[in-house]
Amino acid sequence: MSIFKKLLGRGKSERVQTPRPPRIRVTALHRVAFRHLANGQGRSAQVPISNVSTRGMGLLRPQLGELNVGDGLKGELEINQNVFGIEGLVRHLSEAVVGCEFMGPMDDLGRAVEEYFRIEICGLKLNRVDETFLKKDPAGKVAWFTDGGQNEVYFVSDRDGILSFHVSFLGNYIEGGRSKILRCGHIIDEAPNATKHKGSNLLDLAPDVSEEVLKLGHLLVDNVEKMPAEQAQMLKALLQKS
């Protein structure tokens with residue numbers, strides 16, 4: 001992705017700040033739960049989670065009672081049936097959410113978050129490339145969201161919506177459009193009878209559309225924060241097997 005690399009290459013002499021880990025929205029479909037251990041009571045109560053990252057989490061405030069910035073929290077965080085003892089520190093408060101930072105070494109928890117939420121994190125890392133840097137397409141307006149590697153969402157739209165698109169993530173590939181056949185496959189380095197795409201990657205397209213890959217593609221698009229909601233809705237509608 002040379003265009004994106006050129007964009008990132010600007011200002012190399014400037015100080016680079018370490019980015020904050022992506023915060024993943026936790027929904028009822030996720031197998032994630034937090035049980036709060038109240039100080040001195042020996043009892044635990046489940047508290048709904050708003051978001052989580054490798055360094056902390058946001059908890060819904062009403063179930064936690066009175067808290068102040070700097071207060072400690074103890075409990076158990078369960079991710080996909082793996083349970084981790086948590087000691088946290090309240091870093092910020094809003095009317096609805098308590099922002100908590102994990103304290104102490106939490107390498108195992110961090111790896112569990114990265115593995116379980118790998119699709120969501122992939123989507124959160126996609127940035128929109130300024131259209132002035134993109135090659136024009138006579139069919140319509142081009143939009144490209146990428147992490148600078150093989151993970152990307154690319155589509156061309158006209159006045160009636162998205163005309164054509166492709167999505168690639170973690171080695172998976174989907175393409176389709178308003179008048180294009182929906183196809184799935186995998187990105188590979190080299191393989192016999194593979195289809196070359198965009199002059200760079202090789203694709204191994206499957207004869208059948210994978211429901212699982214489409215579901216993951218839908219989840220990825222759901223987490224591309226830089227994509228306008230209207231475009232995300234149109235793209236997710238196209239990521240449905242007819």
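Every value quoted in this text rests on a predicted model; they were computed, and no experiment measured them.

### Section: the side chain of E152
Tracing the backbone shows E152 in strand β11 (residues 152-158). Residue classification places E152 among the buried positions, given a relative accessible area of 4%. Side-chain polar atoms of E152 contact the side chain of W144, separated by 2.8 Å. Among the polar contacts made by the side chain of E152, one reaches the side chain of H166 at a distance of 2.6 Å.

### So, the nonpolar core
The biggest cluster of nonpolar side chains holds 28 residues, and the ones touching the most others in it are M57, L77, L109 and F117. Going through the elements one at a time, β2 (32-37), β4 (49-52), β5 (56-60), β6 (72-79), β7 (82-93), β8 (97-102), α2 (107-116) and α3 (118-124) are the ones with two or more residues in this core. Ranked by residue count, the leading element in this core is α2, at 4 residues. Those residues in contact with L109, other than ones at most four positions away along the chain, are L77, I79, F84, I86 and F102. Grouped together as the second largest cluster of nonpolar side chains are 23 residues, F145, L182, V221 and M227 included.

### Some points on unusual backbone geometry
At N80, a residue that is not glycine, the phi angle is positive and equals roughly 50°. With respect to the helices, strands and loops of the structure, N80 is situated in the loop between β6 and β7.

### Some remarks on α2
Three or more residues of α2 are buried, namely L109, G110, A112, V113 and Y116. Along the axis of α2, the buried residues cluster in a sector spanning 160°; they form a single face.

### As for the confidence of the model for the protein chain
Per-chain confidence: the protein chain averages 85 in pLDDT, with 84% of residues scoring 70 or above. Across residues 1-16, where pLDDT falls below 50, the model places 17 contacts with residues more than four positions away in sequence or in other chains. Below pLDDT 50 for its whole length, residues 191-199 participates in 14 contacts with residues either more than four positions away or in separate chains.

### Considerations on the sheet that holds strand β3 (residues 44-47)
Pairing within the open sheet is antiparallel, and its 8 strands lie in the order β1-β4-β5-β8-β7-β6-β2-β3. In this open sheet, the two strands that pair with only one neighbour each are β1 (24-25) and β3. Sheet topology note: the β2/β3 ladder contains 4 bridges and is antiparallel. Each residue of the ladder has a partner; that of L37, found in β3, is S44. This element, α2, spans β1, β2, β4, β6, β7 and β8 of the sheet and lies at about 45° to β6.

### Here's the deal with helix α4 (residues 211-222)
Its 12 residues give α4 an end-to-end C-alpha distance of 17 Å, which sits within 8% of 16 Å, the value for a rise of 1.5 Å per residue. The set of residues buried in α4 consists of V213, L214, G217, L220 and V221. For α4, the angular spread of the buried residues around the axis is 115°, confining them to a single face. Packed against the buried residues of α4 are α3, β11, β12 (161-169), β13 (172-177), β14 (183-188) and α5 (229-238).

### Brief notes about the packing of aromatic side chains
Using the criterion set out here, one finds 2 aromatic pairs in the structure. On the basis of an interplanar angle of 80° and a centroid distance of 4.9 Å, the ring pair of Y116 and F117 is categorised as edge-to-face. A single burial state applies to Y116 and to F117, both of which are buried.

### Focus on the pairing of β12
Taken across its 9 residues, β12 has 9 buried, putting it largely inside the fold. Inspection of the sheet shows β11 paired to β12 by 7 bridges, in the antiparallel sense. Paired with V153 across the two strands is V167, which belongs to β12. Hairpin connection, β11 to β12: the antiparallel pair is bridged by 2 residues. Bridge count for β12 against β13 is 6 bridges, and the pairing is antiparallel. Looking across to β13, one finds that H166 is bridged to E175. Count of turn residues in the β12/β13 antiparallel hairpin: 2 residues, of which L170 carries a positive phi of about 50°.

Parameters and conventions
Residues numbered from 1 in each chain as written. Predicted model: local features only at pLDDT ≥ 70, side-chain atom pairs only at ≥ 80, totals over all residues. Heavy atoms only, no water. Helix = DSSP H or I, 4+ residues; strand = E, 2+ residues; numbered from the N terminus. Buried < 20%, exposed > 50% of the residue type's maximum accessible area, 1.4 Å probe, protein only. Polar contact = N/O pair within 3.5 Å; in protein donor to acceptor, adjacent residues only side chain to side chain. Core = buried A, V, L, I, M, F, W, Y, C linked by side-chain atoms within 4.5 Å. Contact = heavy atoms within 4.5 Å. Arc of directions from axis to C-beta. pLDDT = per-residue confidence, 0-100. Pairing = 2+ DSSP bridges. Axes fitted to C-alpha atoms, helices over the stretch in contact; angles between N-to-C directions. Expected span 1.5 Å × (residues − 1). Phe/Tyr/Trp six-rings, centres within 6.5 Å; stacked < 30°, edge-to-face > 60°.

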